[in-house]
Amino acid sequence: MNIEIKEQNGSYLGILTGWIDTAEASQFLEDLKPLMANANKSIELDCAQLEYICSLGLRGVLQLKKESTAKGGSLILTHVEGEVKKILRLTGFDKLLDIR
Amino acid sequence: MGIAASVFLVAVVLFFHFTGDNMTLPLTHQIVKYGTIVFFVGLTLLFVFCTWAIYQMSSPLRQFTESAVSIADGNLDTPLPKIHSEDELLQLRNAFEYMQTSLKHHITELQATTASKERLQSELIIAHDIQMGMLTTVFPERDDLDLFASMTPAKEVGGDLYDFIIEDNELFFIIGDVAGKGVPASLYMAVTRTLFRNLAGNYQSAANIMRQMNHAIASANESLVFVTAFVGVLDLRTHHLTYCNAAHNAPALITADGQCRLLDAETNLPIGIQDHYRYEEQQMAFPEDTALLLYTDGLTEAMYISADGGRKLFGEDRLLHDLEKNKQASAIEVIDYLKQHVNVFADGTVQGDDLTLLFLRHGASRKNDSTAPRRIIMKNEMTEVSRMRGFFLSVCREHDIDEDTFKTLNLAIEEWVANVINYAYPKGIRGHVELTAKVVDNVLTLVIKDHGAPFDPTQHTDVDVDAELNERQIGGLGIHLVKTIMDSMHYERSADGYNVLTLTKSLNINNN
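Residues numbered from 1 in each chain as written. Chains lettered and ligands numbered in written order. Predicted model: local features only at pLDDT ≥ 70, side-chain atom pairs only at ≥ 80, totals over all residues.

Please set out the sheet that holds strand E3 (residues 42–53) of chain A residue by residue, giving values where relevant.
Residues and elements named next belong to chain A. Taking strand neighbours across the sheet as the criterion, the five strands line up as E1-E2-E3-E4-E5 in an open arrangement whose pairing is mixed. The sheet terminates laterally at strand E1 (2–8) and strand E5 (98–99), the two strands that pair on one side only. Inspection of the sheet shows E1 paired to strand E2 (residues 11–20) by seven bridges, in the antiparallel sense. Residue Ile3 lies in a different strand from E2, and its bridge partner there is Leu16. In the packing of helix H1 (residues 22–31) onto the sheet, the strands contacted are E1 and E2, and the crossing angle to E2 comes to about 175°. (Pairing = 2+ DSSP bridges. Helix = DSSP H or I, 4+ residues; strand = E, 2+ residues; numbered from the N terminus. Contact = placed C-beta atoms within 7 Å. Axes fitted to C-alpha atoms, helices over the stretch in contact; angles between N-to-C directions.)

Right, here's the structure in full:
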């Protein structure tokens, strides 16, 4: 699991890579904090390299979404494919999140 | 003496001249006649006197000679002749006396040194035997594993170690090399091996074993001795290997399709240097017919010194070449071959370092009984979910379950197992969770057991996946995922106090 955060013209891009399983989830939540602090900006999570995400990882994304909505920012997920897409569907997160 | 003889001669002549009857002879003739007699008598007397005098004077020397012979025979307390004069003889006697006491002192010292050296030597031999006794030489007799190992110390005792134990079809193994040689290294060797013995098994992961060994050694390591080691855990049922490398030589691998190469083994710090260092482990599928050779630098750094002082190391290329030649050989054959080759290569150059080799080959065991259940037992630690992933991946591969399906199913299992790990046992209490998987008639059946507090997920209120964002509860997702992904979920609290969750899933095996 890895998350790389880039800032460009005041908007943020988070590139998620690999497996976010239960063992790695707490680190993932920690790594999300810089984005959480900028939830009032526009944030994109690129999921092209994301292979797997467990429910704890999804909670992190959900928290970020709530924070973003509360602070008037925006959160979009891009390149959501395969297994991750399926997990989002199974959990109903596809309806809550802005997936492009 | 001459003067005395002349005076004596004159006196004798005058006596006979005036009192004797030979008055007819002239005086000069008488002097010649008696002088001759007196000369010979005097000479005789002189000889006798000189002989006596010389005998008297040389008597102490003869006694010294006798004493010296006696001393040489080992009688150090032989009495020396008494000398009353204050001349060279007294000096000689003093020198003799000094020699006698010195000899006695040195001989006593030599005896003590020899005795202690002999004691040390015999203690080293005993230590050698004890050390060799610590290394397991009873190798497993199993169809699915061919394992052999050997250790050849450069001195009586060495700092190399290997060990292995099998518990619940998991093979735990280690090879290690303590910095340095001889007795100091051997003490750490014994400590490291004992730590490994105690830590291996108990469903420990390779990195955990390394971390705990490091903690035990680094927390009390005044002399800053360190150990390089390689620890592996091979699950003989799931054909999955996890390993952790603490700055040791990368083992050589023979893949199932017969390629020989060094294992990709990322280096962590050696054991003993930094307490609480986070050792990372790696993992790989280890299918049947895969083999691994672990070795210490006594192999690759075995040296040949030619007559002109040129040096050559055995090196990794020779090692891989040897493995290539012995791909099909048994563990004991591979190790014998390598040891012989090192000997031939060194060609008389003294062995500089301990040489340890451990070879293991994972062979076929289950007679193609793919319906036999497979099992993994995990501790209540979150890192165990990655070990479980490896286990489940190999189950899926065995049954040709595709990658995406594996991920989905893994998510379902992980959600439940993580739940058990987090909540079933009180904080700080060691507990286990057991997962059994089998595929019969295209139906995957998973049974997950734990001994923790009773919890029935089927009674758990499902989350509302259609709820609006603000009403959406954070939590309860895991059980929802299990229910959604699997075809059936059955819970039972067993009479002997286990939570037993049985999950099934029909597999859509491709029809091609």
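Can you lay out the interface of chain A and chain B for me, pointing to particular residues and giving the numbers?
Contact with chain A, which involves 22 residues of that partner, is made by 23 residues of chain B. Sorting the residues of the side of chain A that touches chain B by element identifies H1, helix H3 (55–71), helix H4 (82–90) and helix H5 (93–96) of chain A as the ones contributing at least two each. Residues of the side of chain A that touches chain B, tallied by class, amount to eight nonpolar, seven polar and seven charged. (Nonpolar A, V, L, I, M, F, W, Y, C, P; charged D, E, K, R; others polar.)

I'd like a rundown of the packing of helix H3 (residues 88–134) of chain B against helix H4 (residues 182–199) of chain B, residues and numbers included.
Residues and elements named next belong to chain B. Contact geometry for H3 and H4: axes closest at 11 Å, N-to-C directions at 25°. Put simply, H3 runs roughly parallel to H4. Viewed along their axes, H3 and H4 form a crossing whose handedness is left-handed. Between H3 and H4, the contacting residues are Ala127, Gln131 and Met134 on the first element and Ser186, Met189, Ala190 and Arg193 on the second. Among the residues forming the contact of H3 with H4, the class breakdown is four nonpolar, two polar and one charged. (Parallel < 35°, antiparallel > 145°, perpendicular 65-115°, else oblique. Left-handed = near helix turned anticlockwise from the far one by under 90°.)

Requested: an account of the pairing of strand E5 (residues 240–246) of chain B, with residues and values cited.
Residues and elements named next belong to chain B. Burial within E5 is extensive, with seven of its seven residues counted as buried. The two faces of E5 match: His240, Thr242, Cys244 and Ala246 on one face and Leu241, Tyr243 and Asn245 on the other face are all buried. In this sheet, E5 lies alongside strand E4 (residues 227–235) in antiparallel orientation, the contact comprising six bridges. The partner of Asp235 across the bridge, within E5, is His240. Taking the residues that link successive antiparallel strands as the turn, the E4-E5 hairpin has four residues, and the phi of His239 there is positive, at about 55°. (Buried ≥ 20, exposed ≤ 12 C-beta atoms within 10 Å, placed from the backbone.)

In short, geometric facts, not functional conclusions.
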